[in-house]
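Overview (structure and organization)
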Amino acid sequence: MKIKVAALLVIVFIPLTICQAQQQLPQIQQPTPLITNIDNRHTLSLDGRWQIIIDPYETGYYDYRYQPSPNGYFKNTKPRSPSDLIEYDFDASQQLNVPGDWNSQDQKLLFYEGTVWYKKSFDYQQKDGKRLFVYFGAANYVADVYLNGEKLGRHEGGFTPFNFEIAKLVRAKDNYLIVKVDNKRRRDAVPTLNTDWWNYGGLTRTVSILEVPDTFIEDYFLQLKKGSTNEFAGWVKLNGAGGNKTVTVEIPEAKIKQTITTDASGYAPVSFRARAQLWSPENPKLYQVVLSSGGNSVTDQIGFRSIETRGTDILLNGKPIFLRGICMHEESPLRGGRAFSEDDARALLTWAKELGCNFVRLAHYPHNEHMTRMADQMGIMVWSEIPVYWTILWDNPETFANAKNQLDENITRDKNKASVILWSVANETPVNEARTKFLRALIDEARKLDSTRLLTAANERHYSDPNTQVVDDPLGEYLDVLGCNEYVGWYDGLPAKADNLQWKVTQNKPLVISEFGGDALFGNHGDAGARWTEEYQKNLYEHQIGMLKKIPSLRGMAPWILVDFRSPRRPLPRIQDFYNRKGLISSRGERKQAFYVLQNFYRDLMKEGK
Ligand code: GCB
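Here we summarise the structure given alongside this text. (Residues numbered from 1 in each chain as written. Predicted model: local features only at pLDDT ≥ 70, side-chain atom pairs only at ≥ 80, totals over all residues. Heavy atoms only, no water.)

1. A word on the nonpolar core
Ranked by size, the top nonpolar core spans 93 residues in total, and within it I326, M328, V388 and L598 carry the most contacts. Ranked by residues supplied to this core, first place goes to helix α7 (residues 593-607) with seven residues. One finds F122, A139, V181 and I209 within the second-largest nonpolar core, a separate group that totals 31 residues. (Core = buried A, V, L, I, M, F, W, Y, C linked by side-chain atoms within 4.5 Å. Buried < 20%, exposed > 50% of the residue type's maximum accessible area, 1.4 Å probe, protein only. Helix = DSSP H or I, 4+ residues; strand = E, 2+ residues; numbered from the N terminus.)

Here is the structure:
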């Protein structure tokens, strides 16, 4: 009998407890729809020195019962009398630069993974009829954002931008913006626990306040229609309008001026025919595009080109091309740490050009917007990727929603960049049904948002016999371009193994070898058979090139990688010292021997008109 009563109590009380817990959970507000082309809008920069509090136990967020505390550090409370007990003080705390990761700014934070609180004060004289947003280029990984003690919301994902509307909370003097940034790795996150790059935490990209009129141009898409070189198509989206507002789209140099009218949700489709000079690596022509509506006007520099496939060919503006590429991480060649500036982007892409590249794979996550803008200007085609890497939780709907959101934000930010020709949905994921379903849904999403670009993923290959490599991942069926990573000569045998390998690619689509390579410490010399020497890496590249030349459907390559980069997976003392040494250039900018092997190969390709 007693047992029955206890069971009844459990039945009655468990649901109640769950309900109460749900009520107590703070509401997670999502950021407002992403505003694009922030660089060409009226903004106030919040970059510079921010005060920070390192909070490994998240004392500033949870109370001692591990419940979210209503009086966390985001309240920025100050003692009002000498008897008040306040155990933190932003104003007396350490400072860090924003943009910038915390790991490379303070030696004690090099390996730190956890929470750091950031605070910035600012004054703002509001003007009538203006709306205000705070915009973050990126925060790695979860950001909880508060203004003057009120929560604006939360953003998850370390490499894409987000914004919140703030006018109601802003006052003329002493606003305080506080951001809790947490870069703890999680099994269910994107990426997951296991990667091969440094988990740089913090406000890694620019932060600004954006001022816009009541009704403003939130976003727009203007590209050539798939397969066409003279039909322009896209849309403009107004924020704050009812329907029936006019928007003007002008490309003065091409003598184009179109006026369109928005529907009830603020959208207006754009389409017209015109002849324009097409964007290409040889002629990276960008047009000034001016969009205006009411009191709001936004200017952009957009290139127009078509990109498509035909059989195993990739066609740029209707002509077959070969992607002479290189992979790169978003690490500064000038300072170390996360790259974030225009100078970082220019330095990296200049090195890629020196190598003879017309293409870069921005691995393994969206890089900052300077990279894609610079690639537009310099005429370098881009593979743009989200961090769906290795072994994420394919069956978890929240993991999927997170990956999809990162994909959406990446496409939203960069869909007008002519340089971006490929969206990649994943890197080296295991072949199974749940994963293929997950990735297929991402591919569908990307096609829905952008019908003009090609879809790819860096997949793997396997052996059907000791001399035959097979590329037959079922995901290939849904891709336009087959990406394939292989490490013949490094993880897979020795370099000469490449000489006798045949490649069988089952799908009749272009193949891009999206990675190959091996580690060499710059200045470490020895026999070509000795690992970690420049000679070994050079030899590996020579054998690889010999093999790749024989693959009939090969339409591009992006060896791993332009520059050595930090990785916690690489501890070997005196050789790696927590760097992945597969760079063709050292982290100090020195070219290794293999750099020149690839450079010569790319020069030969160029001579052949590829
Ligand atoms: C890979 C990964 C890349 C690694 C690389 C390596 O296959 O895609 O992220 O850094 O190999 O060096 O092992």
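2. Quick notes on the site of the ligand
Near the ligand you find 14 residues, and of these D196, H364, Y389, E428 and Y491 are the closest. Between the ligand and the protein, one listed contact pairs an oxygen atom with a side-chain N or O atom of Y487 at 3.3 Å. At 2.4 Å from an oxygen atom of the ligand is found a side-chain nitrogen or oxygen belonging to Y491. Bound to the protein, the ligand loses 96% of the 320 Å² it would expose on its own. (Near = heavy atom within 4 Å. Polar contact = N/O pair within 3.5 Å; in protein donor to acceptor, adjacent residues only side chain to side chain. Areas by Shrake-Rupley, 256 points an atom, 1.4 Å probe, with all protein chains shown as cover.)

3. Focus: the pairing of strand β13 (residues 246-251)
Where β13 lies against strand β14 (residues 256-261), six bridges are found, and the strand directions are antiparallel. Paired with V249 across the strands is Q258, a residue of β14. Once β13 ends, the chain turns through four residues before running back antiparallel as β14, passing K255 with a positive phi of about 55 degrees. Where β13 meets strand β16 (residues 287-293), three bridges bridge the pair, whose relative direction is antiparallel. Each residue of the ladder has a partner; that of V249, found in β16, is L291. (Pairing = 2+ DSSP bridges.)

4. A look at empty space enclosed by the protein
What the rule picks out here adds up to five cavities of 30 Å³ or more. Within this model, the largest cavity holds a volume of roughly 140 Å³. Along its surface, the largest cavity is lined by 16 residues, and N140, R185, P191, T192 and N199 are the ones closest to its centre. Class assignment of the residues belonging to the lining of the largest cavity gives a composition of seven nonpolar, five polar and four charged. (1 Å grid on protein atoms, 1.4 Å probe; cavity = no way out; pocket = protein on both sides within 12 Å on 5 of 7 lines; lining within 4 Å. Points joined across faces, edges and corners; volume = space filled by probe spheres on them. Nonpolar A, V, L, I, M, F, W, Y, C, P; charged D, E, K, R; others polar.)

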